[in-house]
Amino acid sequence: MAKIIVVTSGKGGVGKTTTSAAIGTGLALRGHKTVIVDFDVGLRNLDLIMGCERRVVYDFVNVVNEEANLQQALIKDKRLENLYVLAASQTRDKDALTQDGVEKVLTELAKDFDFVICDSPAGIEKGASLAMYFADEAIVVTNPEVSSVRDSDRMLGLLSSKSRRAANNEEPIKEHLLLTRYNPERVSKGEMLGVEDVEEILAIRLLGVIPESTAVLKASNSGVPVILDDQSDAGQAYSDAVDRLLGKEMPHRFLDVKKKGWMERLFGGRE
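Residues numbered from 1 in each chain as written. Predicted model: local features only at pLDDT ≥ 70, side-chain atom pairs only at ≥ 80, totals over all residues. Heavy atoms only, no water.

Undergrad: Mind showing me how you'd approach the pairing of strand β7 (residues 174-182) here?
TA: Where strand β6 (residues 137-142) and β7 come together, six bridges link them in parallel fashion. Among the inter-strand pairings, threonine 142 is bridged to a residue of β7, identified as leucine 179. Inspection of the sheet shows β7 paired to strand β8 (residues 205-211) by five bridges, in the parallel sense. Within β8, the position partnered with leucine 179 by the bridge is valine 209. (Pairing = 2+ DSSP bridges. Helix = DSSP H or I, 4+ residues; strand = E, 2+ residues; numbered from the N terminus.)

Undergrad: Looking at this model, I keep getting lost on the pattern of salt bridges. Mind explaining?
TA: Oppositely charged side chains may form a pair once their charged atoms are brought near each other. Taken as a whole and judged by the stated rule, the model has 10 salt bridges. Where aspartate 47 meets arginine 44, a salt bridge forms, and the shortest distance between an N and an O atom there is 3.3 Å. The closest approach of N and O atoms between arginine 253 and aspartate 240, which form a salt bridge, is 2.9 Å. In this pair, arginine 253 sits in the loop between α12 (233-245) and α13 (262-267) while aspartate 240 sits in helix α12, placing the two residues 13 residues apart along the sequence. Its relative accessible area of 37% is what places arginine 253 among the partly exposed residues. (Salt bridge = Lys/Arg side-chain N within 4 Å of Asp/Glu carboxyl O. Buried < 20%, exposed > 50% of the residue type's maximum accessible area, 1.4 Å probe, protein only.)

Undergrad: Mind showing me how you'd approach the packing of helix α7 (residues 146-161) against helix α10 (residues 195-202) here?
TA: Relative orientation and spacing of two packed helices are given, respectively, by the angle between their axes and the distance between those axes. Two numbers describe how α7 lies on α10: the axes approach to 10 Å, and their chain directions differ by 30°. Where α7 crosses over α10, the handedness of that crossing is right-handed. Contacts between α7 and α10 pair Val149, Ser152, Asp153 and Leu156 from the former with Val198, Ile201 and Leu202 from the latter. A class-by-class count of the residues in the contact of α7 with α10 yields five nonpolar, one polar and one charged. (Axes fitted to C-alpha atoms, helices over the stretch in contact; angles between N-to-C directions. Left-handed = near helix turned anticlockwise from the far one by under 90°. Contact = heavy atoms within 4.5 Å. Nonpolar A, V, L, I, M, F, W, Y, C, P; charged D, E, K, R; others polar.)

Undergrad: Even after reading the chapter, I still don't get a negative patch on the surface, so can you show me in this structure?
TA: There is a patch of like negative charges on the surface, built from Glu196, Asp197, Glu199 and Glu200. Assignment of secondary structure puts glutamate 199 in helix α10. You can call glutamate 199 partly exposed: its relative accessible area is 30%. (Patch = residues over 30% accessible without salt bridge, like charges linked within 9 Å, V, L, I, M, F, W, Y side chains within 5 Å. Areas by Shrake-Rupley, 256 points an atom, 1.4 Å probe, with all protein chains shown as cover. Lys, Arg positive; Asp, Glu negative; His and termini not counted. Charge placed at Lys NZ, Arg CZ, Asp CG, Glu CD.)

Undergrad: Just checking my understanding: could you explain the packing of aromatic side chains for this structure?
TA: Here the distance between the centres and the angle between the planes together describe a pair of aromatic rings. Taken as a whole and judged by the stated rule, the model has three aromatic pairs. Look at phenylalanine 39 and phenylalanine 60: their rings are 5.0 Å apart centre to centre, the planes differ by 85°, and that puts the pair in the edge-to-face class. Separated by 21 residues along the polypeptide, phenylalanine 39 in the loop between β2 (34-38) and α2 (46-49) and phenylalanine 60 in helix α3 (residues 60-64) bring together distant segments of the chain. The same class applies to phenylalanine 39 as to phenylalanine 60, namely buried. Centre to centre, the rings of tyrosine 133 and phenylalanine 134 are 4.9 Å apart; their planes meet at 85°, and the pair counts as edge-to-face. (Phe/Tyr/Trp six-rings, centres within 6.5 Å; stacked < 30°, edge-to-face > 60°.)

Undergrad: Teacher, can you tell me more about the side chain of threonine 8 here?
TA: Tracing the chain through its elements places threonine 8 in strand β1 (residues 3-8). Among the residues examined, threonine 8 registers a relative accessible area of 0% and is labelled buried. What threonine 8 contacts, discounting residues up to four positions off in sequence, is Lys16, Ser120, Ile139, Val140, Val141, Met155 and Leu159.

Undergrad: Explain the environment of tyrosine 182 to me, please; I cannot follow it from the model alone.
TA: As for its placement among the helices and strands, tyrosine 182 is situated in strand β7. For the pair tyrosine 182 and alanine 28, spaced 154 residues apart in the sequence, the C-alpha separation amounts to 26 Å. For tyrosine 182, the contacting residues outside a window of four places in its chain are Pro144, Val187, Met192, Leu193, Gly194, Val195, Val209, Ile210, Pro211, Glu212, Phe254 and Leu255. Of note is the side chain of tyrosine 182, whose polar atom sits 3.2 Å from the backbone nitrogen of valine 195. (Polar contact = N/O pair within 3.5 Å; in protein donor to acceptor, adjacent residues only side chain to side chain.)

Undergrad: Whenever I open this one, unusual backbone geometry confuses me. Can you help?
TA: Backbone geometry at alanine 203 places phi at a positive 55°, although glycine is not the residue there. If you trace the backbone, alanine 203 turns up in the loop between α10 and β8. Look at alanine 203 and you get exposed, because its relative accessible area is 63%. At phenylalanine 254, a position not held by glycine, the phi torsion is positive, near 65°. Relative to the elements of secondary structure, phenylalanine 254 occurs in the loop between α12 and α13.

Below you can see the structure in the form of structure tokens.
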């Protein structure tokens, strides 16, 4: 039976889809059969980041409405044997997903996959509430900014009260914090919250800290999950986060200001 993990946030633009793609790819790299499901109906981006936008024929809403079956809608990743994508619809509105329909699709996916990664829209709209409702675990993505952290705190309240687990008095959703676009230099100048500040406010387990990096944008634009760029800080940080998600103890890296050698100070460093 699959473990269902929702990737969520209160604020848009914090890197949820990048994170969904990286975490899903990382799990598949470690031998786990994984599917990433895009819940952002009308604004789909997951297929772009995964590099499979031209291969979308049927989508999540088609399956919910029984206009196609799962085998028709699932897109197999060309790089990894055990990684699949279920794209969102670009042409339907956000009410196209129903709780019964989503439950039916997730139940069917859970029979064949080890992990189902739900890429949630931001905020508390219907797609977001459905993405979190059936989750076993949640990765709460936030930037080290007050407004982003505050919105994430609100999402934690919803995760603990509006899920199927809460409704059935079951063990609560296991919550993880992923801090993205972290810049130690800006933290040292007081322009950005530090890791300890965010941990103190949200009080959930720190899964990973993803450094601010041009590698993320480059990967997104080329349709390659950044975790596959194992030479970049961001790719390595996502890889560490996947290991922690699977229960491995890993030290957190990229938290301190990087000391530059004289060549880097003179000519600038590569991110």
